[in-house]
Every structure is written in structure tokens, then in C-alpha cells.
Amino acid sequence: MTTDSEAVPTETLAARPSTRKEGVSDGPRFRWKDLTVYLGFALVFAFFAVTIGDKGFLTAQNATSIVSQVTPIALMAFGAVFVLTAGEIDLSIGSIVAMAALFTALGLRHYGLVPGVALGILTGIGAGLLNGLLIVGLRVPSFLVTLGTMQLFAGIAQISTQLQDVPIVNDTYSNLFGSGTIGPLSNAVVWLVLGFLVAQLVFKNLAFGWRVMATGSNRASARALGINTNRVRVGVMVISSCTAALAGMIYAGEIHGAVYTLGSSDLLTVLAGVVIGGTSLFGGSGSMLGALMGSLLMTMIVNGLVLMGATVQQQIVVQGIIIVVAVAVSQRQPAE
Amino acid sequence: MSRGTEPLLRVAALRKTFGGLHALEDINLEVWPGEVVGLVGDNGAGKSTLVRCISGYYTPDAGEITVDGQPLGSGGPKRAAELGIEIVHQDLSLVMHGDVVQNLYLNREIRSSWAPLERLGWLDKKAMRAGARAILDQVGIGGTISVRQRVQDLSGGQRQCIAIGRAVGWSRRMVFLDEPTAALGVRQTRHVLDLIGRLRAQGIAIVLISHNMEQVLEVCDRIVVLRLGRKVADRPIAGLTGPMVVGYITGAERGEA
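Residues numbered from 1 in each chain as written. Chains lettered and ligands numbered in written order. Predicted model: local features only at pLDDT ≥ 70, side-chain atom pairs only at ≥ 80, totals over all residues.

### Quick word on the overall build of chain A
From N to C terminus, chain A includes 14 helices and four strands. Based on the C-alpha atoms only, the size of chain A along its principal axes is roughly 80 × 55 × 40 Å. Relative to its full complement of 336 residues, chain A shows a buried share of 46%. Pairs at least 24 residues apart make up 79% of the contacts formed inside chain A by residues separated by at least 6 positions. (Helix = DSSP H or I, 4+ residues; strand = E, 2+ residues; numbered from the N terminus. Buried ≥ 20, exposed ≤ 12 C-beta atoms within 10 Å, placed from the backbone. Contact = placed C-beta atoms within 7 Å.)

Right under this line is the structure:
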């Protein structure tokens, strides 16, 4: 073979008559299932609008209520996108919510605003570091490590106050993390928008985001490309637990106190929202916007069912059905 | 810098043992710019061990590896990459979920030129897209695929071009191709072989590791045969035939190594 092949394209690879210019902005291949969450959202919204439109579903007040309920869920969902995209999972977020909320409340009571907030954030960082270092250090799958730390953190939360509630009387704190407003916007919305923008930016515009994708797509390849996958894996666990800690602090601000049951039912809601939003359970691809929409969908379903007068048990059944259907559509694997 | 007088890669008296096993013994090897060298041998002959020594993943027990006269020493993979040695692994060189730009630039991202953003790891995607298009042109598939396409949506041949493109886009001097056509169909194999010719014309040295004798004889200038950790043949392909190479590999024929 000689080098006169310089300009001669081979048939398979280059002979397709190129109607497009070189480097066309032809993005990733379009997949219908990527739209699952948007279609699901539209369908559920339309259903509630028709059935309970006159029972308050379509009011501005209800929209505000959905948004303030979605904020902690969505924040944790953003963290979960990082974790799942990196090929890991974090089952301990619900327990971190309670732990961070209680520690923040205790910090507020004994030391004041700044130490209280700092304690909450440090709880998130500490829990994430523990998760991450156990995963990397013991070489145990994150599923098992966080299954354990889920119990551990829940136990610590319960012991820390002997199951007692800790009220928060610091108004600055409650305004900041709960019911306050900035201009016309409630702080819940501000946290949500801020969280989304930061998460999206780190995920798509920073080198770290690319490394998360690579680590979850194929860890051996990522390592062969020189990526420190252990650092990435610890990093996503810390991000995840920090979003959980922030969620816990927001819950505490909203209800002016902390209790060990906070967050105990959030894990499945968060994971369902994220997965419906198109983030793969097997690593390598994730969507922040999808996670936001998925969280909104999950929250809207609960909201609508409550307005319809459904019992908690009925809500759980409906949620279960919707999760199964949505996951079946968005996560279906190609046939073997 | 010293093309013509100094080989790009020089391996001298290399020895690597694992426990009592002599994986490599007294390996001497030179690779010159623009040369395509076939590295062949049976499974366990020491090809992978040699490549791992050269790419810094193994530290040899004895001997020396130099690139352009600069010793690799015990600097590891990082040092090897700095010296311009790139390995395209059989399966490990691509991240399927990533797009073309990501696969070409992962872990070598072009970042914002503004220092605070640069430290944060802020990506300059525009610059990388432009760079990716240039690399696609270099490997001969420019204009046929979008740089934003996911690698999992590409054909096997296109994928291999991306993997090789990543290597040559960076090192521009020397690339090790580990079984680059093992998983490819006939036409796609042809494209990769054409690409090897194109890279040679650009002065890039290529070490091709392959089990396919026909292929090796077609594209290589020289063949190096390893057998049981020793070099048993090192000669230009002129006058070589497939059966002769197989003879070196199996030990039926003695080379002049």
C-alpha cells in the first residue's frame, strides 16, 4: 500500500455524498425515548387539568406549592445525575437529609446561624467523603456501601437527638432556606434555579463533567485515557451527599425544625424522577433538564392525587404504576 | 529534532521478569520516523509486556528506553505520553457514550484562556470542535461525520479512526496500534490500513501489533518477531513471506535477530 491514498476516501466511510458541510451541527442521534419525561409531564398535566382543573390544580398558588415541594427533590436529583452518570448509586441520600437537618438545627440552637449552616454543609461533605472513600478504598460497589451508610446515617440522626424534634427559631435561617422571598420569587425557586444552573454547568461545561461521563461509560477506558477515576467517583459521592444535605436544610427551614423522619421517603422519588428523565442506571449518560422535569412530574403527581382526595396508600400505588411505565419506556434496553 | 541520525525510539537490552518468569530478555529495537514496524509473535511472546514497558506502565528490570535520545526512565505513563508515545488499545481507547469531540479531547481538554475559569476546568468547546474537525481531516474521515455524534453511533472503522486520531492528534510522532483491525469488516479494515499509509507519509512512526500476517506484510516496512520473550527476527519485509514469518513465530525458522 502506498501513500497516494491521501485524498482517496474509501467507499464505506467517506463516499456518502455529503450534502452537509463539513462539521455540520448534526448532534447526537435523536431518540424518541429521550422525550419520555416531557411527554409524560404533558400527559399527566393535561389529565389533572381536565379532571381537577376546577379544584385548584390550575391556580398560581398551586404552582407555587408544587415548585416549593420540588426544590429539595430536584436538588437531590441533580446530585443523583452525577452519581448515576459516573456509574455509581447513592442510596444514603434520604438518611443524609435527616442527619444534615438535625445537625443544622442543633448547630443553630447552640452556636447560631453561621455555625449551624456550616455544620449542615460539613455533614454533607463528610458523609459523601465517607461513602466515596469506602467505595474506592474497600473496592466495594457503591450500592452496597451506601446500603450500609444509609442505615448508619439514619441511626446517627436518630441517636443525635434521641428521636426528639429540634425546633428552629432563627428567622434569618428560615427565610434563607425556607419560606423567604427575594423580590417576587420565593427562595425555593431561587434555590431550584441556582441549583439547576450550577449542576448543568458543572455537568456540561467543566472538564469534571466530561470525566464523570467517561468514568461511568467505561471505567477501564477512562483510566486508560489517564483519568483519575477514583477521584471522580469520590467527587460524585460528595456532590450527591451535599445536595442531600442542602435538601435537608431546606426542609428544616420550611418546617422551622428538624426531625429524624425527614427525607425518609425521598430516595425512590428522586431516583424515579432522575431515571424517567433519561439518565441511565448503567452510567455514561445523564440529563439535568430531564432530572428537573422528572422531579416536577413526580411532585405534580402527588400534588394532583392529593387534590383529588386520594389516600396516601392510593398515592403510593399510582406512583408505583407510573414509575414502572415510565422506566419501561425510558430505560428499555435494546433486544439481545 | 535529530531525524536521520537518531531513531525516534530506541530500546536497548531490555529485560523484564515477573517472579522467575523472563517475560522479556535482551530486547533491542529501533523505530525511525515515518516507519511502520510490525510487531508479531504468539500469545505470551511478550508483545504486550514490551508495549507496556515502552508506554511506561511497567518498569523494566534492566535496559533502557529512549525517545529522541531522551530516557523514559521510571517516569511512568505520564512521561511516556510527554515524550510523544501513544498507544491505541484494542478496546480501551474509546468512551462509547461520549461524542467525537469528547473522545478526542478527554483528559486533554482545551480550557478557557481566562485563568480563573481555566483553573475551574471551564471547557473551550468551540476550540475543541474546530480541533476535532482538523483531526478528522487528518485521519481521512473529515466531512463524513459530525464531531458531535456519539461514538456508539459510529461504525467500527470510524471508531478506530477516532481512536487513532486521538493518538496522532496529540503525539504526532509515534503510535502503537494494538490489533487495530481485529473487530473490523473488510472495507473498514481497508480504511484503517489506508490511514496507516497516510500517517506514515506525515512522518509518524507506527508500531502495528497484529496477528494478521497478510496485513502486516502489506503495510509494514519491517517486521519484528518476538518468541518466548526474545527477539527472534527483525528484518525488512522485502523477501519475506507469510509462512516465513509464521516460522519465526513458532520457532520453526531461525531469524538473524
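### Topic: the confidence of the model for chain B
Confidence in the prediction of chain B, expressed as mean pLDDT, is 87, and 96% of residues score 70 or more. Across the interface, the model reports ipTM at 0.82; the global pTM reads 0.85. (pLDDT = per-residue confidence, 0-100.)

### Things to note about the sheet that holds strand β5 (residues 70-71) of chain B
Strand pairs in the sheet, formed through backbone hydrogen bonds, run parallel or antiparallel to each other. Residues and elements named next belong to chain B. Pairing within the open sheet is antiparallel, and its four strands lie in the order β2-β1-β4-β5. Whereas interior strands pair on both sides, the edge strands pair on one side only; in this sheet they are β2 (21-31) and β5. Sheet topology note: the strand β4 (residues 62-67)/β5 ladder contains two bridges and is antiparallel. When the bridges of β5 are listed, V67 appears paired with Q70. (Pairing = 2+ DSSP bridges.)

### Examining the pairing of strand β9 (residues 222-227) of chain B
Within a regular strand, the side chains alternate between the two sheet faces. Residue and element names in this part refer to chain B. Across the six residues of β9, five count as buried, placing the element largely inside the fold. Bridging between strand β3 (residues 36-41) and β9 involves five bridges; their strand directions are parallel. Looking at β9, one finds that G38 is bridged to I223. Here β9 pairs with strand β10 (residues 230-236) via six bridges, running antiparallel. When the sheet's bridge partners are listed, R222 is paired in β10 with P236. Here β9 folds back onto β10, and the loop between the two strands holds two residues, one of which, L228, carries a positive phi near 50°.

### With respect to helix α6 (residues 142-160) of chain A
All names here are of chain A. Taking 1.5 Å of rise per residue, the 19 residues of α6 would be expected to cover 27 Å, and the 25 Å separating its terminal C-alpha atoms lies within 8% of that figure. Contact partners of the buried residues in α6: α4 (93-111) and α5 (113-138). Looking one or two residues beyond α6, the residue adopting positive phi is Q162, at roughly 50°. (Expected span 1.5 Å × (residues − 1).)

### Some thoughts on the nonpolar core
Membership of the largest hydrophobic core comes to 165 residues, with the highest contact counts inside it found for A:A101 and B:L208. Counting residues per element, this core draws most heavily on helix α11 (residues 229-255) of chain A, which supplies 15 residues. The residues touching A:A101, leaving out its near neighbours within four places in the chain, are A:G248, A:M249, A:Y251, A:A252, A:A258 and A:L262. (Core = buried A, V, L, I, M, F, W, Y, C linked by C-beta atoms within 7 Å.)

### Concerning the sheet that holds strand β6 (residues 85-88) of chain B
Residue and element names in this part refer to chain B. Across the sheet, six strands lie side by side as β6-β7-β8-β3-β9-β10; this open sheet has mixed pairing. Lying at the two open borders of the sheet, with one neighbouring strand each, are β6 and β10. Between one strand axis and the next, the sheet turns by 20° as a mean value, whatever way the strands run. Helix-sheet contacts for helix α7 (residues 186-201) involve β3 and β8 (205-209), and the interaxial angle to β8 is about 150°. (Axes fitted to C-alpha atoms, helices over the stretch in contact; angles between N-to-C directions.)

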